[in-house]
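# Close look at the chain arrangement
Listed below, chain by chain, are the residues.
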Amino acid sequence: LREDILVRQKHYMSDWTDAFSHMRQTIPAVIFLYFSCLAPTISFGTIASQITKESIGVVEFILSNGLSGMLYSIICGQPMAFIAPTGLSLAFISGLFQFCKINCYSFLYVYTWVGLWTAAFMVVLGFGGASKLIRYCTRFTDEIFNGLLSVNFIYQSLSSLRRNFVTADPMNLSMPFVSLGIALSTFKSTMSVTTFQASQYFNQKVRTVVKDFGPAIIIIAMSLVNCLPWFQKFKVPTLGVPNNIQLAGGRNLFYPFWRLPMKIKLLCSLPAALLTGLFFMDQNISVRVVNHEDNNLKKGAAYNLDMVALGLITAFTSIAGLPWMCGATVQSMNHVRSMTKSEYNDESGTLEVTGVIETRLTGLLTHALILGTLWLLPLLGYLPIPVVSGIFLFLGRKLMSGNSFLVRIKDAFAERRRLPVGHPIHLL
């Protein structure tokens, strides 16, 4: 941990100032990251509200993601990594709620103590240098992990679109087909604008502006189209969010969690051990993917400092009954790619990475905007769910880029004589 602090200490001021010298890239990156981070936060919040019988809802997810992300950007070791709600942590919360329901325990009280034990375990692991063990993971481990995340994002998107067909009137399928069109249009147009920089149209400055601002403009444009009077007849579903800032069930932010019997407090350490293992792998692999040499980061890694920072944040969210955050590979890689500087090489005909703006400011501003969304809840109600599905498709597809594990799976269906000499398929 001491080594991690020394590595990052000398870069701490530049982590903030570097962004100010590249504001033309920082501002559009923050806008895009805001929407790409907000969409899964609201989606997970909606699902959590259902599985926990409204013990934890959308407001809690937005509040936790905003506060946790801002704090993480200030105290973490690798500021290019983002923390966010994940499908794995949501599955754990679902299992914990069912356990408490069966045994007639107070879910929030047990939730707090499991979180506090987990936070303590993670801080101990961070101080003990356990995160350095992640160096024994190989690129194969990273690519399998990223492949699963990509499939999960695409599955969530397709599941949402399928739900429209299941719940629609069989005699009137206009809504599900229009929703499908909106999702595919959002996906295709977002993919197009993010790769526009490699096209031959206009000049480099215009192509960069289209690439940086394009995704945010598409999200806003799709939402405005859905608000048109002639389009509203299709009744495309929009995000279901509360109209005011209120925690689930009207509870207070803090509650007397210490009233739980001592025996239950101690037993909470058992599921906490499982959650610690989950967070340890999720957090470290996500940060490891960010720190990969292909991303050209220069300021160094600090795995143990990241683990301690996450442990402290987990303690805070647990006491307040807010959702746990953990390393989010998709959002983190979008952060890296949004802040990547590249130039078009006329000789090779490809974009070449010239560097990455490593900064804490984008993370702080992005999550400050997410926190500020609490005052814009009524406006979020205008965002069509198919647009969110399209963004999920884009994030899943984007994460597949450069994943050689998925490429090998695809090549398994190719004719062997058409594969290059030395291809792994020839060794099978």
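Scroll up to find the structure this text is about.
Residues numbered from 1 in each chain as written. Predicted model: local features only at pLDDT ≥ 70, side-chain atom pairs only at ≥ 80, totals over all residues. Heavy atoms only, no water.

### Considering the pattern of salt bridges
Quick note on the threshold: Each salt bridge in this description consists of a side-chain nitrogen of Lys or Arg and a carboxyl oxygen of Asp or Glu lying within 4 Å of one another. Only protein chains enter the accessibility calculation, which uses a 1.4 Å probe; a residue is then buried when its area is under 20% of its type maximum, exposed when over 50%, and partly exposed in between.
With the rule as written, the count across this model stands at four salt bridges. Linking Arg-8 and Asp-15 is a salt bridge whose minimum nitrogen-to-oxygen distance equals 3.1 Å. In this structure, Arg-8 and Asp-15 share a single accessibility class: buried. Through salt bridges that share partners, Arg-8, Asp-15, Asp-18, Lys-299 and Arg-360 make up one connected network.

### So, the packing of helix H8 (residues 174–194) against helix H16 (residues 385–400)
Operational definition: Only the contacting stretch of a helix is used when fitting its axis, a line to C-alpha atoms as for every element, and angles between N-to-C directions run 0 to 180 degrees. Under the scheme used here, helices are H or I runs from DSSP no shorter than 4 residues and strands are E runs no shorter than 2 residues, and both carry numbers assigned from the N terminus. Any angle from 65 to 115 degrees is called roughly perpendicular, while one under 35 is roughly parallel, one over 145 is roughly antiparallel, and all others are oblique. Crossing handedness is defined as follows: a turn of the near helix away from the far one that is anticlockwise and smaller than a right angle gives a left-handed crossing, while the clockwise case is right-handed. Note on definitions: a residue-residue contact is assigned when non-hydrogen atoms from the two residues lie within 4.5 Å. Residues are grouped as follows: nonpolar covers Ala, Val, Leu, Ile, Met, Phe, Trp, Tyr, Cys and Pro; charged covers Asp, Glu, Lys and Arg; every other residue, Gly included, is treated as polar.
Orientation of H8 relative to H16, taken along the N-to-C sense of each, is 45°, at an axis distance of 7 Å. What the angle tells us is that H8 and H16 run oblique. In the packing of H8 onto H16, the handedness of the crossing is right-handed. Seen from H8, the contacting residues are Ser-179, Ile-182, Ala-183, Leu-184, Thr-186, Phe-187, Thr-190, Met-191 and Thr-194; seen from H16, they are Pro-386, Val-387, Ser-389, Gly-390, Ile-391, Leu-393, Phe-394, Arg-397 and Lys-398. The residue inventory of the contact of H8 with H16, partitioned by class, reads 10 nonpolar, six polar and two charged.

### Some words on the environment of Ser-55
Position of Ser-55 relative to the elements: it lies in the loop between helix H3 (23–51) and helix H4 (58–75). You can call Ser-55 buried: its relative accessible area is 18%. Taking C-alpha positions, Ser-55 is 13 Å from Leu-90, a pair spaced 35 residues apart along the chain. Those residues within four positions of Ser-55 in sequence are excluded, and the remaining contacts are Glu-60, Phe-97, Phe-107, Leu-108, Ala-248 and Arg-251.

### Brief notes about H4
Three or four residues apart is the spacing at which side chains of an α-helix point the same way, because the helix has 3.6 residues per turn. What counts, and what does not: By definition here, a helix of n residues has an expected span of 1.5 Å times n minus one.
For H4, built from 18 residues, the straight-helix expectation of 26 Å at 1.5 Å per residue is met to within 8% by its first-to-last C-alpha distance of 26 Å. Within H4, 13 of the 18 residues are buried, which leaves the element mostly enclosed by the surrounding structure.

### Observations regarding the packing of aromatic side chains
Our working definition: Classification of ring pairs uses Phe, Tyr and Trp, with its six-membered ring standing for Trp, and accepts pairs whose centres are within 6.5 Å; under 30 degrees between planes counts as stacked, over 60 as edge-to-face, and the remaining range as tilted.
Taken as a whole and assessed by the stated rule, the structure comprises 16 aromatic pairs. Seen from their ring centres, Tyr-12 and Trp-16 are 6.3 Å apart, and the 70° between their planes marks the pair as edge-to-face. Of this pair, Tyr-12 and Trp-16 both sit in helix H2 (residues 12–20), four residues apart, roughly one helical turn. Classification of Tyr-12 as partly exposed rests on a relative accessible area of 29%. On the accessibility criterion, Trp-16 (17% relative accessible area) is buried.

### Observations concerning unusual backbone geometry
A negative phi angle is the norm for most residues apart from glycine, just as the trans form is the norm for most peptide bonds. Its identity as a non-glycine residue notwithstanding, Cys-104 has a phi of 60°, on the positive side. Summarising the element assignment, Cys-104 is placed in the loop between helix H5 (87–102) and helix H6 (107–127). Backbone geometry places Lys-235, a non-glycine residue, at a positive phi of 55°. By relative accessible area, which is 69% here, Lys-235 ends up exposed.

### A few points about the environment of Ala-130
One can find Ala-130 in the loop between H6 and helix H7 (139–167). For Ala-130, a relative accessible area of 15% translates into the label buried. Linking Ala-130 and Trp-324, residues 194 residues apart in sequence, is a C-alpha distance of 21 Å. If we ignore the near neighbours within four places in the chain, the residues touching Ala-130 are Leu-125, Phe-280 and Asn-304.

### Examining the nonpolar core
Convention followed: Among the buried residues, those of types Ala, Val, Leu, Ile, Met, Phe, Trp, Tyr and Cys that are joined through side-chain atoms within 4.5 Å form a nonpolar core.
Ile-42, Tyr-72, Leu-96, Phe-107, Val-110, Val-114 and Trp-324 are the most contacted members of the largest nonpolar core, which totals 98 residues. Broken down by element, this core gets its largest block of residues, 11 residues, from H3. The residues contacting Leu-96, other than those within four sequence positions of it, are Phe-107, Val-110, Tyr-111, Val-114 and Trp-324.

### Regarding H6
With 21 residues, H6 should cover 30 Å at 1.5 Å per step; its first-to-last C-alpha distance of 30 Å lies within 8% of that length. At the C-terminal side of H6, Gly-129 shows a positive phi close to 80°.

### Quick look at the state of the cysteines
Any covalent bond linking the sulfur atoms of two cysteines counts as a disulfide. We count it as follows: We call a pair of cysteine sulfur atoms a disulfide whenever their separation is within 2.5 Å.
What the rule picks out here adds up to zero disulfides. Not engaged in a disulfide, the cysteine Cys-104 finds its nearest cysteine sulfur in Cys-100; these two sulfurs lie 10 Å apart. Just so you know, Cys-326 is unpaired, no disulfide at all, and the nearest cysteine sulfur is the one on Cys-76, 13 Å from it. Judged by relative accessible area, Cys-326 falls into the buried class, the value being 0%.

### Re empty space enclosed by the protein
For clarity, the threshold we go by: Think of a 1 Å grid over just the protein atoms. A cavity is a set of points where a 1.4 Å probe fits yet cannot get out, a pocket is an open set with protein on both sides within 12 Å along at least five of seven lines, and lining residues have an atom within 4 Å of a point. Grid points are joined across faces, edges and corners, and a volume is the space filled by probe spheres set on the points.
Applying the stated rule across the entire model yields two cavities of 30 Å³ or more. The space that makes up the largest cavity amounts to roughly 60 Å³. For the largest cavity, the full set of lining residues is Phe-35, Leu-38, Ala-39, Ile-219, Leu-383, Val-387, Val-388 and Ile-391. Residue assignment for the lining of the largest cavity shows that the elements contributing at least two residues are H3 and H16. Split by residue class, the lining of the largest cavity holds eight nonpolar, no polar and no charged.

### Notes on the packing of helix H11 (residues 269–290) against helix H12 (residues 303–319)
Helix-helix packing is described using two parameters, namely the angle between the two axes and the distance between the axes. Between H11 and H12, the shortest axis-to-axis distance is 11 Å and the interhelical angle comes to 130°. In terms of axis orientation, H11 runs oblique to H12. Relative to H12, the crossing made by H11 is right-handed. Contacts between H11 and H12 involve Phe-279, Phe-280, Gln-283, Asn-284, Val-287 and Arg-288 from the former and Tyr-303, Asp-306, Met-307, Leu-310 and Thr-314 from the latter. Residue classes in the contact of H11 with H12 are distributed as six nonpolar, three polar and two charged.

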